[in-house]
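Chain by chain, the residues:
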Amino acid sequence: MSTKIHKPAPKKKNTNPNRKYYIAISVMITVITAVIVFFACDLISENKQSQTPDQSYNNTDDISQITKPENQNTSGTVDRTDARKVKFTMTDGQTFTMEVYPKVAPVTAENFLKLVDEGFYSGLTFHRVIAGFMAQGGAYDPVNQANNPAESIVGEFSSNGYENNLSHQRGVVSMARTQDPNSASSQFFICYGDASYLDGEYAAFGYVIEGMETVDSFLSAGTGANDVPLKEVKIKEAKIVE
């Protein structure tokens, strides 16, 4: 008795007429997805560029804004020995007062207090404000020749070799600079919220102890190009009060 080995029947080829159509659709979806991802990344990059307290009017860098907590007083975590108070009076009559901490950033504090004592900030503006991030001011105004530019100072923060334990939280005052770590001079910024991602990269040196609502009001008129307030935010006077 013999057993016959049967040759298997050949497999039928896939003759689905829609196969090429499905492949084309898949390729199209892949291309569209790639384009969307590209433009989304580009948009994120543009948003990040506006979140750095650079020392120029056209500020660029790659630090992004993060979710901000409520008011968080950090002045109690630093050495307030020899703290000095500086009161700012705006041209609209509003005021705010900050403490300056020589023990946190001695060179920065000395430079800032010197400029205040010389009347450097009188007549200057807060030229850049970003809701949830910061208000930046103290820039030399070459058009109106309000003051001569201040000299640059060393950057007192960890990435530049200096200890600085004052975190960038709401109300904290810090120095603006260019990408050169030792380029800060007169421009400073006041944080509207948690900007702790700036810790170690910018020299924090003070804290707004009174009148933070005045700083908040800088945002009231809205902003235009380069985050410039639509209504001028001008400093009438800055003086050391104690």
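Residues numbered from 1 in each chain as written. Predicted model: local features only at pLDDT ≥ 70, side-chain atom pairs only at ≥ 80, totals over all residues. Heavy atoms only, no water.

Visitor: Can you walk me through the nonpolar core in this structure?
Guide: Proteins that are soluble and globular tend to have nonpolar side chains buried together. One finds Y121 and F188 to be the most contacted residues of the largest nonpolar core, which totals 41 residues. The leading source of residues in this core is helix α2 (residues 106–117), at 5 residues. Among the nonpolar cores identified, the runner-up in size contains 9 residues, and I130, M134, C191 and Y202 belong to it. (Core = buried A, V, L, I, M, F, W, Y, C linked by side-chain atoms within 4.5 Å. Buried < 20%, exposed > 50% of the residue type's maximum accessible area, 1.4 Å probe, protein only. Helix = DSSP H or I, 4+ residues; strand = E, 2+ residues; numbered from the N terminus.)

Visitor: Sorry, what's going on with α2 here?
Guide: Helical geometry: 3.6 residues make up each α-helical turn, so side chains three or four residues apart lie on a common side. An ideal rise of 1.5 Å per residue puts 16 Å on 12 residues; α2 measures up with 16 Å between its terminal C-alpha atoms. T108, A109, N111, F112, L113, L115 and V116 are the residues of α2 that are buried. (Expected span 1.5 Å × (residues − 1).)

Visitor: Quick question: what am I supposed to make of the pairing of strand β2 (residues 95–100) here?
Guide: Successive side chains on a regular strand alternate, one facing one side of the sheet and the next facing the other. β2 sits mainly inside the fold: 5 of its 6 residues count as buried. The pairing of strand β1 (residues 84–90) with β2 spans 6 bridges and is antiparallel. The residue bridging V86 from the neighbouring strand is M98, located in β2. Connecting β1 to the next strand, β2, in antiparallel fashion are 4 residues, including G93 with a positive phi near 95 degrees. Relative to strand β7 (residues 204–210), β2 runs antiparallel, the two being bridged by 4 bridges. (Pairing = 2+ DSSP bridges.)

Visitor: What exactly am I supposed to notice about the side chain of Q187 here?
Guide: Here Q187 is to be found in the loop between β5 (172–175) and β6 (188–191). According to the relative accessible area criterion, Q187 is buried, its value standing at 6%. Within the local environment of Q187, its side chain forms a polar contact with the side chain of H127, the two groups lying 3.5 Å apart. (Polar contact = N/O pair within 3.5 Å; in protein donor to acceptor, adjacent residues only side chain to side chain.)

Visitor: What is the right way to look at the sheet that holds β6 in this model?
Guide: Neighbouring strands of a sheet are bound in pairs by backbone hydrogen bonds; such pairs are parallel or else antiparallel. The strand order β3-β4-β6-β5-β7-β2-β1-β8 describes an open sheet built from 8 strands, whose pairing is antiparallel. In the strand order of this sheet, the two ends are held by β3 (126–130) and β8 (235–240), each with one partner. Shown here is a sheet whose adjacent strand axes are inclined to one another by a mean of 25 degrees, direction ignored. One ladder, built from 5 bridges, connects β1 with β8; its direction is antiparallel. The residue bridging F88 from the neighbouring strand is A238, located in β8. (Axes fitted to C-alpha atoms, helices over the stretch in contact; angles between N-to-C directions.)

Visitor: Would you explain the packing of aromatic side chains in this entry?
Guide: Between two aromatic rings, the relevant description is the distance of the centres plus the angle of the planes. If you walk through the whole model with that rule in mind, you get 15 aromatic pairs. Pairing F96 with F126 gives two aromatic rings, centres 6.2 Å apart and planes at 65 degrees, and the pair type is edge-to-face. Residue F96 is located in strand β2, and its partner F126 is located in strand β3; the two are separated by 30 residues in the primary sequence. Side by side, F96 and F126 carry an identical accessibility label, which is buried. Centre to centre, the rings of F126 and F188 are 5.6 Å apart; their planes meet at 85 degrees, and the pair counts as edge-to-face. Of the two residues, F126 sits in strand β3 while F188 sits in strand β6, which places them 62 residues apart along the sequence. Stacked on the ring of Y202, the Lys or Arg R177 has its end atom at 4.6 Å from the ring centre. (Phe/Tyr/Trp six-rings, centres within 6.5 Å; stacked < 30°, edge-to-face > 60°. Lys NZ or Arg CZ within 6 Å of the ring centre and 35° of its normal.)

Everything listed here is a matter of coordinates, which is why it stays silent on function.
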